[in-house]
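# Examining the three-dimensional arrangement
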Amino acid sequence: MSTKAFYPLNEIGKDKVGFAKTRSIIEAPFYGNNVVMVNSLAQAYELAKNSPGTVVTDMPVYRGEEFGLPSDAKVLLFNDGSITGRYAAARRIAGEPGVDTDALDKIVMDAVYDTRFKKMYHAQVYIGLDPEFMVKAHLLIPEGEENLLYSWMLNFQYMNEYYNKMYKESKYYSNEPDIYIFSDPQWKGTTRTDVCDGKCLAYFNTGTNCAAILGMKYFGEHKKGTLTIGWAIANRNGYASCHGGQKEYTLSDGSKYVASVFGLSGSGKSTITHAKHGGKYEVTVLHDDAFVINSETCSSVAMEPTYFDKTADYPTNCHDNKFLLTVQNCSATRDENGNIVLVTEDIRNGNGRAIKSKLWSPNRVDKIESPVNAIFWIMKDPTIPPVVKLKGASLASAMGATLATKRSSAERLAEGVDPNALVVEPYANPFRTYPLVNDYEKFKKLVAEKNVDCYIINTGDFMGKKVQPKDTLGIIEAIVEKKAVFKKWGNFDDIEIFEWEGFVPDFSDEEYVKALKARMQDRVDFIKSRETAKGGFDKLPEDALQSIEKVLEQI
C-alpha cells in the first residue's frame, strides 16, 4: 500500500482527494522558503546532537551505521521540562460532535503564520514495514526541536534504498494522500479556550490524513499522533488497527502459534511480547506497540521498526541499554571513568522513555504471514482471574470494547481526574479517531469467521493478590502448548476458566460476587453511555450490550 504524493493538474481542486480545508492549511507551509529538508538519519542526528540542551552521552549507538548513522554516533538525551506524558484532553478530532473545525482551522492558520520567522525542518518516513501496508508521512517542525525530529525519524522507518524500493512496488491507493503533520512545540497558545485547551492542541483531521500538534513537547504526542492517522488509514482499508504486541511461537513439532496482546502502557504487553520463555520455543516478534491485522487473511504488519520503551525498569548498567538510540526525560552523570552516562529508573521524573533499536529483539520480523491464533485482552480488573476464555464472538469483542485497566505514568491527566481509578479504554487504544463500531465489528469478525480464540489476561491483582509475571507467562505457555484445560466458569455460558493455583474464584464469597457484579455493571453502563456520549459517535450494536448483560444476569 502506498499513498498519493503527486497530482496531475486535473486532479487538483475543490472536493478532490487531498484538497480539503484543514489539509490545505497544514500542507502549504511545507513548501515555505524557510523550510529545510532533512534527507537522512545522519543529517537528523547531527542536528539533534548540536541542538541546544542536548546531552551527548558517551554511550555508543550499537551498530548505528546499519541505521544510516555515523559509526561513532552516541545515545542522545533530551529532557522536556515538567511535562513527561501524553495529554488526552488536548485532542480534537474533526467529525466528532462538538468539535468546532472552523475555529480550530483558524487557530492552525495563525500558528502557521507565527512560524514564518523560524527555520522549519521537513522530514519524511514510512509507516508500515511491508508492501501490503506502507504509507508515507511528513513532519514540519521548528528549529530548536531537532531531538523531536530525530526521534520521530528513528521511531518510524526512515527512507533508504531498500524501503524506497519496497514502497515503490507496494499497492498504490489513489484515494489516500500522504500524511502531513504540522508541529510547533513552541506555540504560545490561544485565547479560544472555548474550543480547545488554551496552552496545547492536538488537532486531527484523519479523514484527510493531516494533523496539527501545538504546544506539546513530549515525543509520545508525535509518535501516537502519527500512528493515529496511520491506524485510521488502516481502518478504512480492511485492517484491524492494533495498539498492542504480537509474536509467533514455533513449537518443537514445527507448529506455529500467533498471539496478539492488547493493553495500555504499563499493562505488561511489552513484557509478554518480548518474553523468551527460557528458550523453550523459537519466538519471532512483530512489534510490542503498533501493528495491523488484515481482516481477510489474518496476516499482520508492523507499523514501526523501533521501540518506544519505559526506562524505569532498566538500570544504567542493564544489558538492554546497549540498544538505546535516544532517551527522553532521564538524568545523566559521570561514571568512574569520567564518561557521561544515563541515570534511569525514573529518579528524575515518572515515565522516562527511550527509543530502542530493532536489534533489541533478536528475532524481529516486519510481517507475520501466519494467521493470528489468539487475542489476549490485558486488563487490570481485580475481579477477573488471571485468565478466562471468551467463547461468543459478541462477548469477545464487547469485552475488548470495555477493556478495563488503570492509568499509567505515561499519561498527563486533567485536573481532578483520579489516577488510581479503573478506567475503560476500548481495545486499549485511546488513539482511535473513527467510530468504535468499526473496531467492534473487525474484532468480532476475527472470532466469528476466522476462528481466532479470545482470552482475558489479568496482570494486576485478583481480589488483593498480585498476579506475577511468572503466572502470566506460565498461563500463556500452557495455552500455546495446548495444555491449558478450560472448563465452564460458574453459571456463564460464554466464559471458561483455566484455574491457576492460588487464584481460584470463590462464588460462595459474597464480597467477591458483589465486586464482580459491580465491574460487569460498569461495562454495561459504559456501553449504554456510548449511545449518547459524543452524540452517539461511538454507539455499539445491540448484541454488544446484550452479551455483557447476559454475563451480569448469570453471575
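Data block above holds the structure.
Everything quoted here is computed from the prediction, not taken from an experiment. (Residues numbered from 1 in each chain as written. Predicted model: local features only at pLDDT ≥ 70, side-chain atom pairs only at ≥ 80, totals over all residues. Heavy atoms only, no water.)

### Description of the packing of aromatic side chains
Filter applied, for reference: Stacked, edge-to-face and tilted are the three classes for Phe, Tyr and Trp ring pairs, Trp counted by its six-membered ring, which pair at centre distances within 6.5 Å; planes under 30 degrees apart are stacked, over 60 edge-to-face, the rest tilted. Only DSSP runs of H or I covering at least 4 residues are called helices, and only runs of E covering at least 2 are called strands; the numbering of each starts at the N terminus. Accessible area is worked out with a 1.4 Å probe on protein chains only. A residue is then buried under 20% of its type maximum, exposed over 50%, and partly exposed in between. We count a charge as sitting over a ring when the NZ of a lysine or the CZ of an arginine lies within 6 Å of the ring centre and within 35 degrees of the ring normal.
What the rule picks out here adds up to 29 aromatic pairs. A ring pair is formed by Trp489 and Phe507, whose centres lie 5.6 Å apart and whose planes are at 55°; its orientation type is tilted. Of this pair, Trp489 sits in the loop between strand S32 (487–488) and strand S33 (495–497) while Phe507 sits in the loop between S33 and helix H11 (510–529); the two residues are 18 residues apart in sequence, bridging distant segments of the chain. Look at Phe507 and you get partly exposed, because its relative accessible area is 31%. On the basis of an interplanar angle of 70° and a centroid distance of 5.8 Å, the ring pair of Phe498 and Trp500 is categorised as edge-to-face. A cation over a ring is seen here: Arg353 above Phe308, with NZ or CZ 5.0 Å from the ring centre. For Lys356, the ring lying beneath its charged end belongs to Tyr314, and the centroid distance is 3.4 Å.

### Focus on the state of the cysteines
In protein structure, a disulfide is the covalent linkage between the sulfur atoms of two cysteines. Applicable threshold: Here, the term disulfide refers to a pair of cysteine sulfur atoms separated by no more than 2.5 Å.
By the definition in use, this model includes zero disulfides. Lacking any disulfide linkage, Cys200 is separated from the closest cysteine sulfur, that of Cys196, by 8.3 Å. Cysteine Cys298 remains unbridged, with the sulfur of Cys242 as its closest cysteine sulfur at 11 Å.

### Notes on the sheet that holds strand S16 (residues 282–287)
Counted only if it meets this: Between any two strands, pairing holds if DSSP finds at least two bridges.
Strands sit in the order S16-S14-S15-S25-S29-S26-S33-S32 across an open sheet of eight strands; the sheet is mixed. Sheet topology places S16 and S32 at the edges, where each strand pairs with a single neighbour. The pairing of strand S26 (residues 387–390) with strand S29 (residues 453–458) spans four bridges and is antiparallel. The residue of S29 that forms the bridge with Lys389 is Tyr455.

### Points about the nonpolar core
Note the following rule: Buried Ala, Val, Leu, Ile, Met, Phe, Trp, Tyr and Cys residues form a nonpolar core when they are joined through side-chain atoms within 4.5 Å. By definition in these notes, contact holds between two residues if any of their heavy atoms fall within 4.5 Å.
Ranked by size, the top nonpolar core spans 65 residues in total, and within it Phe133, Tyr150, Trp152 and Met153 carry the most contacts. The residues contacting Tyr150, other than those within four sequence positions of it, are Leu41, Ala44, Tyr45, Ala48, Leu69, Leu76 and Thr326.

### Quick look at the pairing of strand S4 (residues 74–78)
Counting buried residues along S4, four of its five residues qualify, which places the element largely inside the surrounding structure. With three bridges joining them, strand S3 (residues 55–60) and S4 adopt antiparallel strand pairing. Counted as the bridge partner of Val55 is Leu77 from S4. With three bridges joining them, S4 and strand S20 (residues 324–328) adopt parallel strand pairing. Residue pairing in the sheet places Leu77 in a bridge with Val327 of S20.

### Quick word on a negative patch on the surface
We apply this condition: Patches here: salt-bridge-free residues with over 30% relative accessible area, like charges joined within 9 Å, nonpolar side chains (Val, Leu, Ile, Met, Phe, Trp, Tyr) joined within 5 Å. For every accessible area listed, the method is Shrake-Rupley and the probe measures 1.4 Å; residues are considered covered only by the protein chains on display. The term salt bridge refers to a pairing of a side-chain nitrogen on Lys or Arg with a carboxyl oxygen on Asp or Glu at a separation within 4 Å. By the counting rule applied here, Lys and Arg register as positive and Asp and Glu as negative, while His and the ends of each chain are not counted. The location of each charge is read from NZ of Lys, CZ of Arg, CG of Asp or CD of Glu.
Negative charge collects at one region of the surface, where Asp506, Asp509, Glu510 and Glu511 lie side by side. Tracing the sequence through the fold places Asp506 in the loop between S33 and H11.

### What about helix H5 (residues 161–169)?
As a reminder of what qualifies: Starting at the helix axis, one direction is taken to each C-beta atom, and the arc is that of these directions.
For H5, the set of buried residues is Tyr163, Met166 and Tyr167. All buried residues of H5 lie within an arc of 100° about the axis, which places them on one face of the element. Away from the buried face of H5 by more than 90 degrees, exposed residues Glu161, Lys165, Lys168 and Glu169 are located. Buried residues along H5 sit against strand S1 (2–4), strand S6 (120–130), strand S7 (133–142) and strand S8 (157–158).

### Structural notes on the environment of Asn164
Its location among the elements puts Asn164 in helix H5. On the basis of relative accessible area, Asn164 is assigned to the partly exposed category, the value being 32%. C-alpha of Asn164 to C-alpha of Tyr126: the two residues are 38 residues apart in sequence and 9.0 Å apart in space. Residues contacting Asn164, with those up to four places away along its chain left out, are Tyr126 and Met159.

### A look at the side chain of Asn429
Turning to its location among the elements, Asn429 is positioned in the loop between strand S28 (422–424) and helix H9 (436–448). In this structure, Asn429 is in contact with Trp231, Ser241 and His243, ignoring residues within four places of it in sequence.

### A word on the environment of Glu441
Tracing the backbone shows Glu441 in helix H9. Note: C-alpha distance between Glu441 and Arg519 (78 residues apart in sequence) is 23 Å.

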